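Letter by letter, the chains look like this.
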Amino acid sequence: MQKVDMDTKVKFLHGFAHKIRIQILECIKEEEKTVSQIVKDLNGNQSSISQHLACLKGCGLIRGRQEGKYMYYSLRNQQVRDLLSMFDAVLEDVENDVESCENHID
């Protein structure tokens, strides 16, 4: 397996680094949805959701499919779905540590 460039890895992980982006990923985890459906499900702002969708697409986590005047978004593949499930599994084990973590370094 080829080693991934560190800057590329950081860009990829950036897709997971915002609450709204995680909510979007969870929202489309099981089925593709239009921007309007995502905005409604998240009770969000269309402009903001669209910007986060562009980020997720740029990070390679989702894909868009045009059908008529609608763009449908879905997770890129099963590996992204599995990764979201792994996050949940790891968090079950470390949740208390994460909640008490005050050492956020930007």
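Residues numbered from 1 in each chain as written. Predicted model: local features only at pLDDT ≥ 70, side-chain atom pairs only at ≥ 80, totals over all residues. Heavy atoms only, no water.

**Examining the packing of aromatic side chains**
Counted under the stated rule, the structure contains two aromatic pairs. Measuring from centroid to centroid gives 5.0 Å for F16 and F87, while their planes differ by 85°, and the two rings are edge-to-face. One end of the pair, F16, is in the loop between α1 (6–14) and α2 (19–27); the other, F87, is in helix α5 (residues 78–100), and 71 residues separate them in sequence. A relative accessible area of 32% places F87 in the partly exposed class. Taken together, the ring pairs in this structure connect F12, F16 and F87 into an aromatic cluster. Stacked on the ring of Y72, the Lys or Arg R65 has its end atom at 4.8 Å from the ring centre. (Phe/Tyr/Trp six-rings, centres within 6.5 Å; stacked < 30°, edge-to-face > 60°. Helix = DSSP H or I, 4+ residues; strand = E, 2+ residues; numbered from the N terminus. Buried < 20%, exposed > 50% of the residue type's maximum accessible area, 1.4 Å probe, protein only. Lys NZ or Arg CZ within 6 Å of the ring centre and 35° of its normal.)

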